[in-house]
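# Architecture at a glance
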Amino acid sequence: MGSKLIDSVKSRALLDRPQNVECYLDSNPEFLAKYLQRKMHSAVTNYLENNPSFLTEYIRYKSHPVPDDDGLKRTPLPRRLASIDLKNCPPELPPKPKMRMTLSDPQFAKGMTLSDPQFAKDMSMTLNDQLILKDTRLTPGDPLVAKDTTLSEPKATKNERKTFSDPKVGKDTPMALSEPQVAKRPLNVPSRRPLAPIEETKARHLSESLSSIEETHNDVTKRKTSIKESGRRFAIRRRKDREKTTKSERDKAVQLATEHSLLIELAREIPTVENPDQFCFKALKCVAELLGAERCSLFWIRDSAKGDSKELVSRLWNVTPKSTFEQAVCDTRNQLVVPLDIGLAGEVAKTKTSINVTSVYEHPKFNKTIDEKTGFESRDLLCQPIIIEREDRVIGVVEVLNKKSKEPFTSQDEEVLEHFIVLCDGAIQNCRNTAQINRLQQGARLQEELSSRVAHLWPARAYDDILKELVLQVSELVQCERYTLAVALIDNCNIEGSLQFARSYDMLLQKPKGGLFDEEEEVKKVVDMTKLKKSDWVFSHKVIKKTLETKKTVNMSKITPFSEFKLEDEKRGFSLKTVLCVPFYDGTDRLLGVLHLGNKKTGFDENDEATIESIRPYLMNGLLFANGFNSITINKAKTDVSDEIVRFHTRCTENEFERVKNEPIPDGEKYNLYEFTFSDLLMSDDETVMACMRMFKDLDAFNLFKIRQETMLRWVISVRRCYRPVYYHNWRHGLNVAHTMFLLLDRMNKDDQTPGLPTMFTDREKFTLVVACFCHDIDHRGTNNAFLIRAAAPMAILYNTSTLENHHYDTCLRISSMEGNNIFESFTENEFSDTCELVKHAILATDLALYFQRRNTFKGLLEKKPQERDFSDGNRMLLMSMMMTACDLSSITKPWEVQQKMAHLVTSEFYDQGDMERKLFGTEPMPMMDRSKAGDLPKMQIGFIDGVCSMAYEMMADFCPGYAPLRDGMMNNRQHWKDAAIAQGHDLDAPKTQKKDEDEYGSLWVKYWNMDPENFIWGIDPNEVPPEVVIEKVVFSPKKKAKPSPGGDREAQGTEVKKKRNRRNKVAAEEPNAPGAATETENKSKACLVM
């Protein structure tokens, strides 16, 4: 078995090194025991084979014991020996090659002694064993015969085995020669008979052998002691080696377990991390402890001061397992700044790969400057980048220097560092995401606060408070020493010679005794507003200039006293060290302002820039609101100046006033004021003024409302001056409308047939209606609402619904508010407010679009009996609206000579608008505004009477019998226009099927209304699709519809468009030859008629 094991060992190439054999024997102790046992038996066998006489004498001696009286005990011969026939013993075999192995043989066991516990465990050794001594053969008396070991088989003595050295061996104790330890003292074997010569010779030989054995005993004892000591030392060394190996493995396991526990602990902290620097500090402490590094450092990457390159700046420096965050963190006072193209850390940042360098001084890219400044000697370096994977951008670099064991960093160390950098990356990403969410929430909150603040400050237009609030909010989010917001007011900058910035809002936090931002001492925050002068530092500071040149944020982390960007404000005791400057521009690239932040303790970083960017909408809105308020203030000032000019030119002049102030108010009969046939054609302007004074006197306005005649006279003259000299919508038109209202109110007072009619309106309401009629077309421009909206006139922008009517109302109030013109001076606040509402309602009622919306409701009301008609509340307002329309259209009721004159005046005004439409819009006007069709005036007037006026005056006559002259005058004029049309060759009474061009204007206004009653616009040709109109209550705002694409699906235009096209097709079928057919004038909006 031993040879097989050796062959197996050899086959495994273990015998080539003693260390491998040693390890094998340590782990297989049974192999050595069996190997040695086999060798011992081989040694005994060889001895007996080489000395047959010894075996013969031994067997004989054991077969013939000495008598018992000699005092020696005899051991009987074992049975297996007693049965041997010595005569028939086989012949001696040739001796086998001896295997002599000494204790010093290298193949035995390196450094192994007899005392080694692994040497002879469970093994018996004979005196013949060749392993005992190199050249010595032990005899039966050899003192090295071990305890519990005999020359014979181990079972020779069953009960007790005693050696010669045993103290119990006495004089009277017989001992056989075969006992192991015979030579302790001279053998004295009494015998009663003399020894034979052979026996005597043998005894002498035995005595000599014993003497020789005794001589070698001491030497063997010494060697045995040496062997034991060598074995002890070997065992100790082996134990230490095992302990060392076990400790290394144990330390490695402990380190791995520690690393796992630290990683798990840090990973659990990631969701709650608020400061990434503190998290990275904890991670670097763990790295320094696990790797046994002397120090670790963290560098962030940022833009250089000039913004043209990148640089590394130390954030955590000299981190050790015993460091504190306050000791390791760097600020602007002690941070190290290294360009990105210098040193190994910069190389890592540029290449995005890690570096593990041994003997860094030999590396060509190592920067020795830092070691020279700090006095530290770098030996080995492990450096890895921190990469934001989502952006594929390096944001920092981690350096680990010098293991304490002075060993180089291994690949396992790189893995450990990488594990902790991954956690740092996750913590940084989480902090950024959390900060972004917080910034968005802060931005939304600030926007709400700003809106509330603006609404609160809107009446006062106090934009200073808004801008101060902006600075205070920034100070809550970014901690630094000084905050400056330089504001550029756009309207101010448009003035020649004005400065780029109009005002600055500055807040300087004075440095408390305990340090710059001592948390225990509250810093009072006060924002100072300054109107800037050309000499102020805002205009000369190069940081602001650079910001305006690049239109980008400028972040400088270190400004020295020798830098070109330095700032020394001696007035406020401020010296600039770090700066963050952010510009703000509107959508048209106009400068709104610059935010200048100075002196942050740790320097401004990308988080501060992200914070400002997150609240940029809030700051932009604040600056825009401030500019809006400033624009309102400036425009109000401009308006005030314009008002002063208008007031000067519209106010009654002293010459005009002096001309009529002493004139007595004439009777009404002088001007035919009490008849509907009144005409102003032969009256002078001064006479019209006096006629107005008569009407107000008849209303008893001077007594009822305590109006001085001078005030009323100035008011009337000012109203006359505000009417423009257009063809029709001039002062004379306003006078005629007011006169008609005066007569309607007069007829109501005199009516005795309709119950409650004389008391329908109060005296104040009657006075207000006449005033509204005088002003209902004041400052008319000679064009209608549709033209103003289509031309995007300033008035249409100012009043997006019922443009002209709203302007007339505002002009009326403006004239009444002039000095010397306030005819409402005696009214209480409530009375004045109600009067203004009534004036506005009355003037807006002259919009024919509202008339078409309301006339059916009024007609339904008149279908009841006079005593059953209810004109309370809303119906009274409806009655006022119908009365205003009847007054506005009253020129159609005048005598034929007057009506004919008025028709030519109004068409002249229409033709001028048609000419402007051709010039401005490049479109053909509607027929009634087309100068080339001036000969169709009779047909146009007939269509206007039938479509608009007829129903209005029929309802007026039905409401009050005193209004019948209006209806009669209208019908009389229609007959005159019909005769004129017939005279031109038009047969107006022919059936519809026979009509061609004759009925072009017949029922024109009704067709307008029937096309789209809800979106009625005066002046849109019924043969084309009208523009889309948005109706707000009783007003409208027309908008052009997009032209449908050729071949497009008509259903895509919507249900309403389909209805309008159906109406268009219906009208086109009735008027197949109409000049304004849809095929020729598709999507062309027309101006409207407002009378």
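This part covers the overall build of the protein chain. A count of helical and extended segments in the protein chain gives 34 helices and 16 strands. Among the 1091 residues that make up the protein chain, the fraction classed as buried is 47%. If you take every contact in the protein chain between residues at least 6 apart in sequence, the share linking residues at least 24 apart comes to 68%. Counting every atom, the protein chain has about 57,400 Å² of accessible surface; 51% of that belongs to carbon and sulfur.

Turning our attention to helix α32 (residues 964-983). With 20 residues, α32 extends 29 Å from end C-alpha to end C-alpha; this agrees with the ideal 28 Å at 1.5 Å per step. Inspection of α32 places A964, L966, G969, M970, N973, W977, K978 and A981 among the buried residues, and these make up the whole buried set. Where α32 is buried, its residues meet α22 (731-750), α30 (896-921) and α31 (937-959). Phi turns positive one or two residues past the end of α32, at G985, with a value near 95°.

Its place among the elements puts T611 in helix α16 (residues 606-614). Ignoring anything within four residues of it in the chain, the contact list for T611 reads R439, L477 and V478.

Bringing the sheet that holds strand β7 (residues 482-487) into the picture now. The sheet built from 6 strands is open, its strands ordered β9-β8-β7-β14-β13-β10 with antiparallel pairing. Only two strands of the sheet have a single partner each, and these edge strands are β9 (528-531) and β10 (554-556). Going across the sheet, the axis of each strand differs from the next one's by a mean of 15°, ignoring polarity. Across 7 bridges, strand β13 (residues 579-585) lies against strand β14 (residues 591-598) in antiparallel orientation. If you follow V579 over to β14, its bridge partner there is G598. Along the sheet face, helix α12 (residues 463-477) touches β7, β8 (503-508), β9 and β14 and points at about 40° away from the line of β8. Where helix α15 (residues 542-550) meets the sheet, it contacts β10, β13 and β14, and its direction lies at approximately 40° from that of β13.

Compared with the 21 Å implied by 1.5 Å per residue over 15 residues, the 22 Å span of α12 between its first and last C-alpha is a close match. Those residues of α12 not exposed but buried are Y463, I466, L467, L470, V471, Q473, V474 and S475.

Summing up the model confidence of the protein chain, the mean pLDDT is 75 and the portion of residues at 70 or higher is 69%. At the low end of the mean pLDDT range in the protein chain sits strand β16 (residues 1035-1039), at 32; at the high end sits helix α23 (residues 763-775), at 96. In the model, residues 992-1000 has pLDDT below 50 throughout and makes 15 contacts with residues more than four positions away in sequence or in other chains.

Right, let's talk about unusual backbone geometry for a bit. For K551, which is not a glycine, the phi torsion comes out positive at approximately 55°. Turning to its location among the elements, K551 is positioned in the loop between α15 and β10. If you check the backbone angles, D589 has positive phi at about 65° while not being a glycine. Note that D589 resides in the loop between β13 and β14. Residue D589 is classed as partly exposed on the basis of its relative accessible area, which comes to 45%.

The subject of this paragraph is the nonpolar core. Counting residues in each nonpolar core, the largest one holds 101 residues, and the members touching the most others are F696, M712, W715, F767, F774 and M883. No other element matches the 12 residues that α31 contributes to this core. Leave out the neighbours within four places in its chain, and F767 touches F696, A701, F705, I707, M712, I823, F824 and F827. W300, I388, V398 and L423 belong to the second largest nonpolar core, which has 41 residues in total.

Let us now look at the packing of aromatic side chains. Any two aromatic rings considered together are summarised by their centre-to-centre distance and by the angle between their planes. Across all of its chains, the model carries 21 aromatic pairs by this definition. Geometrically, the ring pair formed by F959 and Y963 is tilted, given 6.2 Å between the ring centres and 35° between the ring planes. The rings of F696, F705, W715, Y723, W731, F767, F774, F824, F827 and F832 are connected pair by pair, giving a single aromatic cluster. Against the face of F376 rests R295, its NZ or CZ located 3.6 Å from the ring centre. In this arrangement the basic side chain of K551 is found over the ring face of Y585, its NZ or CZ atom lying 5.3 Å from the centre.

Let us look at the state of the cysteines. For the structure on display, the rule yields 0 disulfides. C773 takes part in no disulfide bond, and the closest cysteine sulfur, belonging to C887, lies 4.8 Å away. For C773, a relative accessible area of 0% corresponds to the buried category.

Hydrogen bonding along the main chain pairs the strands of a sheet, whether they run parallel or antiparallel. Across the sheet, which stays open at both edges, the 6 strands sit in the order β3-β2-β1-β6-β5-β4 with antiparallel pairing between neighbours. Two strands close off the open sheet at either side, each with one partner strand: β3 (337-339) and β4 (355-358). Within the sheet, the average angular offset between the axes of one strand and its neighbour, ignoring direction, is 25°. Sheet topology note: the strand β2 (residues 310-319)/β3 ladder contains 3 bridges and is antiparallel. Note that in β3 the partner of E311 across the bridge is P339.

Here we come to the pattern of salt bridges. Across all of its chains, the model carries 46 salt bridges by this definition. A salt bridge links K282 to E269; the shortest N-O distance between them is 3.3 Å. Pair noted here: K282 is in helix α7 (residues 276-291) and E269 is in helix α6 (residues 197-269), with a separation of 13 residues, a long-range link. Here D930 ties to R918 by a salt bridge, and the two come within 2.5 Å at their closest N and O atoms. Separated by 12 residues along the polypeptide, D930 in the loop between α30 and α31 and R918 in helix α30 bring together distant segments of the chain. For R918, a relative accessible area of 29% translates into the label partly exposed. A cluster of three or more residues bridged by salt bridges with shared partners is formed by D912, D915, R918, E924, D930 and R931.

Further remarks concern the pairing of β7. The buried fraction of β7 is high, at 6 of 6 residues. Side chains of β7 alternate between two faces, with R482, T484 and A486 and Y483, L485 and V487 buried alike. Note: β7 against β8, 6 bridges, orientation antiparallel. If you follow T484 over to β8, its bridge partner there is D506. Here β7 runs beside β14; their pairing, made up of 6 bridges, is antiparallel.

Here we take up the environment of R747. Among the structural elements, R747 can be located in helix α22. Through-space distance from the C-alpha of R747 to that of G962 is 5.7 Å; in sequence the pair is 215 residues apart.

Turning our eyes to something else, we now look at the packing of α23 against helix α27 (residues 829-844). When two helices pack together, their arrangement is given by the angle between the helix axes and by the axis-to-axis distance. Between α23 and α27, whose axes approach to 9 Å, the crossing angle comes to 45°. As summarised for this structure, α23 and α27 are arranged oblique, according to the angle between their axes. Here α23 runs over α27; the crossing is right-handed. Of the residues in α27, those in contact with R764, E765, T768, L769, A772 and C775 of α23 are E831, D834, T835, L838, V839, A842 and I843. Among the residues making up the contact of α23 with α27, the classes are represented as 7 nonpolar, 2 polar and 4 charged.

Let us look at the pairing of strand β5 (residues 380-388). Counting buried positions along β5 yields 9 of 9 residues, so the element is predominantly enclosed. Alternating residues of β5 divide into D380, L382, Q384, I386 and I388 and L381, C383, P385 and I387, and every residue in both groups is buried. Of the pairings in the sheet, the one linking β4 to β5 comprises 4 bridges and is antiparallel in character. When the bridges of β5 are listed, I355 appears paired with C383. Hairpin connection between β5 and strand β6 (residues 393-403): a loop of 4 residues separates the two successive antiparallel strands, and D392 in this loop has a positive phi of roughly 50°.

Definitions and limits used
Residues numbered from 1 in each chain as written. Predicted model: local features only at pLDDT ≥ 70, side-chain atom pairs only at ≥ 80, totals over all residues. Heavy atoms only, no water. Helix = DSSP H or I, 4+ residues; strand = E, 2+ residues; numbered from the N terminus. Buried < 20%, exposed > 50% of the residue type's maximum accessible area, 1.4 Å probe, protein only. Contact = heavy atoms within 4.5 Å. Areas by Shrake-Rupley, 256 points an atom, 1.4 Å probe, with all protein chains shown as cover. Expected span 1.5 Å × (residues − 1). Pairing = 2+ DSSP bridges. Axes fitted to C-alpha atoms, helices over the stretch in contact; angles between N-to-C directions. pLDDT = per-residue confidence, 0-100. Core = buried A, V, L, I, M, F, W, Y, C linked by side-chain atoms within 4.5 Å. Phe/Tyr/Trp six-rings, centres within 6.5 Å; stacked < 30°, edge-to-face > 60°. Lys NZ or Arg CZ within 6 Å of the ring centre and 35° of its normal. Disulfide = S-S within 2.5 Å. Salt bridge = Lys/Arg side-chain N within 4 Å of Asp/Glu carboxyl O. Parallel < 35°, antiparallel > 145°, perpendicular 65-115°, else oblique. Left-handed = near helix turned anticlockwise from the far one by under 90°. Nonpolar A, V, L, I, M, F, W, Y, C, P; charged D, E, K, R; others polar.

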